[in-house]
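# Structural overview
Next come the chains, spelled out residue by residue.
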Amino acid sequence: MKMGRTTRQLLNNWQKLKMRYLVPGKLTRLGDTLTIELTNRCSLTCSCCPNGCDRSSCRPPHTISDADFERLLSQIDIPFSRVFLHLHGEPFLNSDLPLIANRLISHGVSELSVFSNGYHIDIKLLESLLNVTSGHNLHIAFSAELYSRQTYETIRRPGRFEEIWRSMEQIDDVMKRHQRTYTVNAIINEQAIDTLPHTVPDLFSRLQQLDEIHLNSAFPWPHLPQTGEIAGHLQSRRSICSQIWQLPVILASGEVSMCGSDYRGECIVGSLWEHRYSELINNDAARRFRRNIVLRKACRNSICADCLIDRHISFSRTVKRKFIEKANDALLQKYFAKFHTYFTLIPQ
C-alpha cells in the first residue's frame, strides 16, 4: 500500500519521540534473522557494486574459516532461526561454506539463504553444500542478467556472457540431480523491458530447475550515485531508515555493523571477538547510531548522510515459473509493459 506524505510524517515524528524520550536508541524487539558475511572478496568487478567501482575504499579483504566461525557462533547469544550468508562478497569463494552451513543447521537454524553471482563457482563446493543441507530449507539465488548480453556485460563483466551461461547450465544440472530449485536475480533497465516477453520464457526453458526470476532496479549504494538509476526515483522526503530496526550484520572480520550497505566499515559498533552479540546490539555506539539517524544528526561525511536508500523508490517484481507456463503471449506483453511505469515515475 502506498504511504501518503501525512502518514509518513506522523510515523517519522513518532519514531523521533520514541528515540528521544522513551527508549533512546534501544532496539527492543529482536528479529530472528541474521546476516553473516563469509567473505568480502568477489570474483567479479561489477559496475553496480562497490567492489567494481570503489574497491580502494572498501574494507580490507577477510574470509572467515570454519574454526573461526565456530568461535564466532559461540558469541551469538540471542535466538535466531534464519541466516543470510551473503553481504559484500562471493560466498562460494569461501571453501568452508558447506562446513559453516552444517554448523548453523546443527545450531538449530531452520532457513539458510545464499546469494551468489554464479560466475565460475566451484561446482564441487555447490554439491557439498546441497549434500549437507539435504532435507533443510536452503534458498540459493544467482545474480546475473541472463536475459541480455549487453546488460550483463555492462553491469557485470565485458566479454563473459557465454561463460556465465556455461556456469549457470552446470549449476542447473547439479540442482536437477539434487532435486532443488533456485532463483535468478537480475537488474533491468527500460531498454530491456520490451525484450522480456521473449527472453524471460526462454530462461525458464533453458534452465529446468529455475523456479523464479527476481527483476529489480539498480541499487543506489551510498557514496556511489552512479550505481543506481535514481533520477526521478526519489521521494521528496526521507523516511526513517529501516535497517536500524533490524539486527546488526556480522562481517567476515568478526566485526558488527549497523548497516548492510557498510562496505567501508563506517558503521561498526564492536567486534564479536571481544563482546557477545547481545552486548553489541544495544551498546552505547549502537544506541547513539540509531538516535542520530532518527533525529537527523548523521555526520555530514558519513555513509548515512550520503545514503539515498530511504528516499529511493525501488522497483521489484518476481516472475515465477508457474506464471510463465500458463501465460500466453498477449498476457506476457501486457504484464511486462507495466514495467515502463517505474522508469517514467515522477517524484512525489
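Because the structure is a prediction, the values reported are computed rather than measured. (Residues numbered from 1 in each chain as written. Predicted model: local features only at pLDDT ≥ 70, side-chain atom pairs only at ≥ 80, totals over all residues. Heavy atoms only, no water.)

## A short note on the pairing of strand β4 (residues 137-143)
- As defined by bridge partners, strand β3 (residues 111-116) adjoins β4 across 6 bridges and the pair is classed as parallel. Looking at β4, one finds that E111 is bridged to N137.
- For the crossover from β3 across helix α5 (residues 123-132) to β4, the handedness is right-handed.
- Summarising the sheet, β4 and strand β5 (residues 182-187) pair through 3 bridges and their orientation is parallel. Looking at the pairing, A141 lines up with T183 of β5. (Pairing = 2+ DSSP bridges. Helix = DSSP H or I, 4+ residues; strand = E, 2+ residues; numbered from the N terminus. Right-handed = clockwise from strand over helix to strand, strands pointing away.)

## Considerations on the packing of helix α9 (residues 196-206) against helix α13 (residues 329-337)
- At a minimum axis separation of 9 Å, α9 and α13 run at an interaxial angle of 110°. When the axes of α9 and α13 are compared, the pair comes out roughly perpendicular. Contact residues: α9 offers L196, P197, H198, V200 and P201, while α13 offers L332, Q333 and F336.
- Its residues assigned to classes, the contact of α9 with α13 comprises 6 nonpolar, 2 polar and no charged. (Axes fitted to C-alpha atoms, helices over the stretch in contact; angles between N-to-C directions. Parallel < 35°, antiparallel > 145°, perpendicular 65-115°, else oblique. Contact = heavy atoms within 4.5 Å. Nonpolar A, V, L, I, M, F, W, Y, C, P; charged D, E, K, R; others polar.)

## Quick look at the environment of G232
- Looking at the element boundaries, G232 is found in the loop between β6 (210-216) and β7 (249-250).
- By relative accessible area, G232 is classed as partly exposed at 27%.
- G232 sits 80 residues away from H312 along the chain, and the two C-alpha atoms are 9.3 Å apart. (Buried < 20%, exposed > 50% of the residue type's maximum accessible area, 1.4 Å probe, protein only.)

## Quick notes on the confidence of the model for the chain
- Per-chain confidence: the chain averages 88 in pLDDT, with 93% of residues scoring 70 or above.
- Ranking the elements of the chain by mean pLDDT puts helix α1 (residues 5-22) last, at 67, and α5 first, at 97. (pLDDT = per-residue confidence, 0-100.)

## Quick word on the side chain of H312
- Its location among the elements puts H312 in the loop between α11 (284-294) and β10 (316-320).
- Here H312 falls in the buried class, since its relative accessible area comes to 10%.
- Engagement of the side chain of H312 in a polar contact is seen with the side chain of Y342, the distance being 3.4 Å.
- Those residues within four positions of H312 in sequence are excluded, and the remaining contacts are S217, A218, P220, E229, I230, H233, L234 and Y342. (Polar contact = N/O pair within 3.5 Å; in protein donor to acceptor, adjacent residues only side chain to side chain.)

## Things to note about the packing of aromatic side chains
- According to the stated counting rule, one finds 12 aromatic pairs in the structure shown.
- Ring centres 4.9 Å apart and planes at 65° place the aromatic pair F315 and F339 in the edge-to-face group. Remark: F339 occurs in the loop between α13 and α14 (340-343) and F315 occurs in the loop between α11 and β10; sequence separation between them is 24 residues. In terms of burial, F315 and F339 fall into one category: buried.
- Here F336 and F339 contribute two aromatic rings whose centre-to-centre distance is 5.3 Å and whose plane-to-plane angle is 75°, an arrangement assigned as edge-to-face. The two residues F336 and F339 agree in class, both being buried.
- Of the aromatic side chains, those joined through ring pairs into one cluster are F315, F323, Y335, F336, F339, Y342 and F343.
- Taking the ring centre of W165 as reference, the NZ or CZ of R206 above it sits at 3.7 Å. (Phe/Tyr/Trp six-rings, centres within 6.5 Å; stacked < 30°, edge-to-face > 60°. Lys NZ or Arg CZ within 6 Å of the ring centre and 35° of its normal.)

## What to know about the packing of helix α3 (residues 66-74) against helix α4 (residues 97-106)
- Axis separation between α3 and α4 bottoms out at 9 Å; the angle between their running directions is 25°. In terms of orientation, α3 and α4 fall into the roughly parallel class. Remark: the crossing between α3 and α4 carries right-handed chirality. For the pair formed by α3 and α4, the contact residues are D66, F69, E70 and L73 on the first element and L99, I100, R103 and L104 on the second.
- Residues that form the contact of α3 with α4 fall into these classes: 5 nonpolar, no polar and 3 charged. (Left-handed = near helix turned anticlockwise from the far one by under 90°.)

## Some words on the pairing of β3
- Across 3 bridges, the pairing between strand β2 (residues 82-84) and β3 is parallel. Residue pairing in the sheet places F84 in a bridge with S113 of β3.
- Remark: the β2/α4/β3 crossover connection has right-handed handedness.

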